[in-house]
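Fold and geometry: a report
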Amino acid sequence: MITALLRPVAANPELLSLLGHTPLARISAPLPQAHPGFWAKLEYLGAGGMKARSAVAMLRGAHARGELRSGAPVVESTSGTLGIGLAFAGQALGHPVVLVGDTELEPSMRQLLHSYGARLELVDRPAERGGWQAARLERLHEVLDRLPGAYWPDQYNNPDNAAGYLSMARELTDRLEHLDVLVCSVGTGGHSAGLVEPLRRRWPRLQVIGVDSVGSAIFGQPARPRLMRGLGSSIHPRNVGYRHFDEVHWVGPAEAVDACRRLARGSFVSGGWSTGAVALVSAWVARVQPGAVVATVFPDGPHRYLGTVYDEDWCRAHHLPAPVSRPVEIPHPGAVEVAGWARCRTVIDPLNPPMEPRP
């Protein structure tokens, strides 16, 4: 029984002093062409990574509402990054953590999560509809049935997810005198939703660009199997604030890999799929909007991706095409299925599309 395998966790609130306060770096490496530079928040240098902010906020919010009792287990679905954040929050606030992942989760990440005291439940095949995410959610509900009193944060639909990033917004406004463009990777929709409103109160004309993965359904493309993890989704999270985005870019794995490697060689900071994707788009924006102050968030570092993004044999085995240096523009998310880097200045909520005008 899973209940017997979960050990009580003593709260260590002193860990919370390590949350956030991450560096803001100026990035000028060619990506792939020269550009004037942009700012990047290096979230992987914070304890628990970027999603520790949202994990702590979700557990604290649940405590305040009486949904999470002291010492109760926390159960969540993750592709890895939120798992690290929840492991941090579980230790800080005193909760055992059960994470539902899948067999695509890298062995190094599994070992790391185990080391932090989290228990892993892995699904071994994607669902016919909804892929790995749907399969993980199905197993998650099975685990909840076996753990009475356990709490599910539901990161995709929990508004406390976004609230966790208000501290990051304050850190950006403290460091930047002005900001013209914010570039955000989009998965659960949490950090973009948490940043946009406070930053637009400071800079009302702020342009916001969402960065998604090829094969993701978030912004109205069809859901397909994806190599890229950490951004994109096969479902439609309610936390995504579609009204906040001025445009969206879909980035393919070839472009993300190329950007990650160029970052590592030219700026000594890099990361995984999300980091490569937002870096590529941020450099492009800085190049096509001369004089604009551009900022983005690097969600994680490179170490998790040594066997994928930074592995030549892995990339050859997956037949990645040559990366492109600029996006193809499409008029509407439903106009064509994109296979590589593409841009669209029409942003829709696929679950609530605008009404078609009557003839």
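The model shown is predicted, which means the values in this text are computed figures rather than measured ones.

1. Quick notes on the sheet that holds strand S9 (residues 294-298)
Pairing within the open sheet is mixed, and its 8 strands lie in the order S1-S2-S9-S6-S7-S8-S11-S10. Edge positions in the sheet fall to strand S1 (24-27) and strand S10 (328-329), since each has one partner strand and no second. Where helix H9 (residues 253-267) meets the sheet, it contacts S1, strand S8 (247-251) and S9, and its direction lies at approximately 90 degrees from that of S8.

2. Examining the domain arrangement of the protein
Taken domain by domain, the protein holds domain 1 (16-46 + 159-344) and domain 2 (49-146). Contacts between domain 1 and domain 2 engage 30 residues on the former and 29 residues on the latter. For the pair domain 1 and domain 2, the summed buried area comes to about 2,200 Å², and 54% of that belongs to carbon and sulfur atoms. Its largest share of buried area at the contact with domain 2, domain 1 owes to Leu16, Arg229 and Arg304, together 33% of the area lost on that side.

3. Points about the packing of aromatic side chains
A full pass over the atoms with the stated rule returns 5 aromatic pairs. On the numbers, 6.0 Å between centres and 50 degrees between planes, the contact of Trp273 with Trp314 is tilted. Taken as a pair, Trp273 in helix H10 (residues 273-288) and Trp314 in helix H11 (residues 312-317) lie far apart in primary sequence, 41 residues in all. The residues Trp273 and Trp314 share a single accessibility class, namely buried. Considering the side-chain rings of Trp284 and Trp341, the 6.4 Å spacing of their centres and the 75 degrees angle between planes classify their relative orientation as edge-to-face. Of the two residues, Trp284 sits in helix H10 while Trp341 sits in the loop between S10 and strand S11 (342-344), which places them 57 residues apart along the sequence.

4. Side note on the packing of H9 against H10
Remark: H9 packs on H10, axes separated minimally by 8 Å, with the N-to-C direction vectors making an angle of 85 degrees. For the element pair H9 / H10, the angle class is roughly perpendicular. Across the interface between the two elements, Pro253, Glu255, Ala256, Val257, Ala259, Cys260 and Leu263 of H9 pack against Trp273, Thr275, Gly276, Ala277, Ala279 and Leu280 of H10. Classifying every residue of the contact of H9 with H10 by side-chain character gives 10 nonpolar, 2 polar and 1 charged.

5. What about H10?
Its 16 residues place the ends of H10 23 Å apart at the C-alpha level, agreeing with the 22 Å of an ideal helix rising 1.5 Å per residue. When you tally the buried positions in H10, you get 14 out of 16 residues, the bulk of the element.

6. Points about the UniProt feature "domain: Tryptophan synthase beta chain-like PALP" (unreviewed entry) in the protein
When the UniProt feature table is mapped onto this chain, "domain: Tryptophan synthase beta chain-like PALP" (unreviewed entry) is found at residues 18-300. Structurally, residues 18-300 is divided into 40% helix and 16% strand, and its ends, taken at the C-alpha atoms, are 16 Å apart.

7. Focus: the pairing of strand S5 (residues 119-123)
Inspection of the sheet shows strand S4 (residues 97-102) paired to S5 by 5 bridges, in the parallel sense. By the bridge assignment for S5, Val98 is matched with Arg119.

8. Looking at the state of the cysteines
The full count for this structure, using the stated rule, is 0 disulfides. Left without a disulfide partner, Cys184 is nearest to the cysteine sulfur of Cys260, which lies 17 Å away. Take Cys184: its relative accessible area is 0%, and that puts it in the buried class. Between Cys344, a free cysteine, and Cys184, which holds the nearest cysteine sulfur, the sulfur-to-sulfur gap is 18 Å. Among the residues examined, Cys344 registers a relative accessible area of 0% and is labelled buried.

9. A word on the sheet that holds S4
Pairing within the open sheet is parallel, and its 3 strands lie in the order S3-S4-S5. Both edges of this open sheet fall to strand S3 (74-77) and S5, since each of them pairs with a single strand only. On average, each strand axis in the sheet is inclined to that of its neighbour by 20 degrees, with strand direction left out of account. Examined bridge by bridge, S3 and S4 share 4 bridges and lie parallel to one another. When the sheet's bridge partners are listed, Val74 is paired in S4 with Val97.

10. Observations concerning the pairing of S9
Within S9, 5 of the 5 residues are buried, leaving the element largely enclosed by the surrounding structure. Of the two faces of S9, the one lined by Val294, Thr296 and Phe298 and the one lined by Ala295 and Val297 are each fully buried. As defined by bridge partners, strand S6 (residues 181-185) adjoins S9 across 3 bridges and the pair is classed as parallel. Each bridged residue has a counterpart across the sheet, and for Val183 the counterpart in S9 is Thr296.

11. Description of the environment of Gln33
Considering the arrangement of structural elements, one finds Gln33 in the loop between S1 and strand S2 (38-42). On a C-alpha basis, the gap between Gln33 and Glu14 in space is 44 Å, while along the polypeptide they are 19 residues apart. When neighbours within four sequence positions are excluded, Gln33 is seen to be in contact with Arg287, Ser325 and Arg326. Of note is the side chain of Gln33, whose polar atom sits 3.2 Å from the side chain of Arg287.

What counts and what doesn't
- Residues numbered from 1 in each chain as written.
- Predicted model: local features only at pLDDT ≥ 70, side-chain atom pairs only at ≥ 80, totals over all residues.
- Heavy atoms only, no water.
- Pairing = 2+ DSSP bridges.
- Helix = DSSP H or I, 4+ residues; strand = E, 2+ residues; numbered from the N terminus.
- Contact = heavy atoms within 4.5 Å.
- Axes fitted to C-alpha atoms, helices over the stretch in contact; angles between N-to-C directions.
- Domains from an automatic or database assignment.
- Buried area = accessible area lost by both parts, 1.4 Å probe.
- Phe/Tyr/Trp six-rings, centres within 6.5 Å; stacked < 30°, edge-to-face > 60°.
- Buried < 20%, exposed > 50% of the residue type's maximum accessible area, 1.4 Å probe, protein only.
- Parallel < 35°, antiparallel > 145°, perpendicular 65-115°, else oblique.
- Nonpolar A, V, L, I, M, F, W, Y, C, P; charged D, E, K, R; others polar.
- Expected span 1.5 Å × (residues − 1).
- UniProt positions renumbered as here; feature names shortened; annotations may be inferred.
- Disulfide = S-S within 2.5 Å.
- Polar contact = N/O pair within 3.5 Å; in protein donor to acceptor, adjacent residues only side chain to side chain.

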